[in-house]
Structures are given as C-alpha cells and as structure tokens.
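Observations on the three-dimensional arrangement
Read off the chains here:
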Amino acid sequence: MNRHSTAYGLAIAIFILDQLAKLTMIYPLALKQVGQITLLPIFNFTWTENRGFSLGLAQAQTDLQRWGLVALTSIIAIIVAWWIKREEKGGERIALALVLGGALGNIVDRVRLGFVVDFLDLHFGEWRPFLVFNVADAAISIGVVILLLRAIFVRPAAPEEKIDHA
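This text gives an overview of the structure that appears in the document. Note that the structure is predicted; figures quoted are calculated from it, not measured. Numbering of residues starts from 1 in each chain and follows the order in which that chain's sequence is written. Restriction of local features to residues with pLDDT of at least 70 applies here, the model being predicted, together with a cutoff of 80 or more for giving and counting side-chain atom pairs; totals for whole chains, interfaces and linings are based on all residues. Excluding hydrogens and water, the side-chain values take into account all heavy atoms of the structure.

1. Brief notes about the side chain of glutamate 92
Residue position: glutamate 92 is located in helix α4 (residues 90-113). With a 1.4 Å probe rolled over the protein chains alone, any residue whose accessible area is under 20% of its type maximum counts as buried; one over 50% counts as exposed, and the rest are partly exposed. Glutamate 92 gets classed as buried once you look at its relative accessible area, which sits at 10%. By the criteria applied, helices consist of DSSP H or I runs no shorter than four residues and strands consist of E runs no shorter than two, each listed in order from the N terminus.

What follows is the structure, given as structure tokens:
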C-alpha cells in the first residue's frame, strides 16, 4: 500500500466511524426521541440537527440552500482528495485524511437526512467550549489544527548551497 492509499484508508475509516456513531444515536439509542443522555457531569449525548455549514453558520432554510451546501462541501472534499494525492508530507496527508473523512460523513447526512446529526455535548455547567458536534466535526477540526500547526512550526529543509570552485 502506498502512502497516499494509507491516507485514503484513514479517510474511509473516519467516515465509517462517524456513520456508525450517528446510526447508533438514531436507532439503538433513539436519541432524537430521548433528546439527551447524560454520560458524565460534563458530557452528554444531545440530539441536534445541524442544517448549517461549519459551526452552524449559513443555515440552509430551503432545499435549494441544502443542496447548495452539499455541492459546496462536495467541492471541498474533491479538492482535499486531490490535495492528498499531490501531498508529499506524511503529516499533511494524515491531517487531510481527517478532513476528507469528516467531510464525507457530513455530506452523507445532509443528502440522506437533510441535516447533519450532532450529538457530542461537552459542557462545564452552562458553559460549552464547543457547539454540539459529531465524530466528523472532530476529525475535521483536528485535521485543520494539524495543518495550521504544521504550516506555522514545521519548516521545509533549506536547499543545499552549491559551491562554485572556480
């Protein structure tokens, strides 16, 4: 398996994990009907239907807007998949794979259900450091943070200087 196949395999694994988690919330746990399941004093499963884009922005109020979000996120996923193929650095490929797998998971939700299923709810009393999210959102966020940190802190090797012995 080549290095790019490994990244695509990771993207598929993230996608499958995300979809299995969401199906668990929908069917065996019936979270939509229950509304919320408290797991820890700081962590719940809370049913949320996200009809927006990133961080709940750009809420899709109509079918046209919904399909516009599907198209936009699909274009982003295609660009990320293409980027993985061209990327030579392993750290960046892993980060891009996280983004791709998460994007695909949320695209499938939006196509299948008309919204993205969010259910992971971390809170400290009434304070929530994050909106309610899902596995795909976490993967996308972690992937983007890795890309940003690597862009800031990982420097490419300096090219070797050629010495002219003339």
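2. Some thoughts on the pairing of strand β1 (residues 36-40)
The pairing criterion for strands is at least two bridges between them, as found by DSSP. Pairing geometry for β1 and strand β2 (residues 43-50), over four bridges, is antiparallel. Across the sheet, leucine 40 pairs through a bridge with phenylalanine 43, a residue of β2. The turn linking β1 back onto β2 is made up of two residues.

3. Some points on the pattern of salt bridges
Salt-bridge detection follows one rule: a side-chain nitrogen of Lys or Arg within 4 Å of a carboxyl oxygen of Asp or Glu. Tallied over the entire structure, the rule returns seven salt bridges. The partner of lysine 22 in a salt bridge is aspartate 109, with the nearest N and O atoms 2.9 Å apart. Taken as a pair, lysine 22 in helix α1 (residues 3-26) and aspartate 109 in helix α4 lie far apart in primary sequence, 87 residues in all. Overall, the relative accessible area of 0% leaves lysine 22 in the buried class. Given a relative accessible area of 0%, aspartate 109 falls into the buried group. For the salt bridge of arginine 66 with aspartate 63, the shortest nitrogen-to-oxygen distance reads 3.9 Å. Taken together, the positions of arginine 66 and aspartate 63, both in helix α3 (residues 63-86) and three residues apart, correspond to about one turn of that helix. Ionic contacts of the salt-bridge type, sharing partners, join the residues Asp18, Lys22 and Asp109 into one network.

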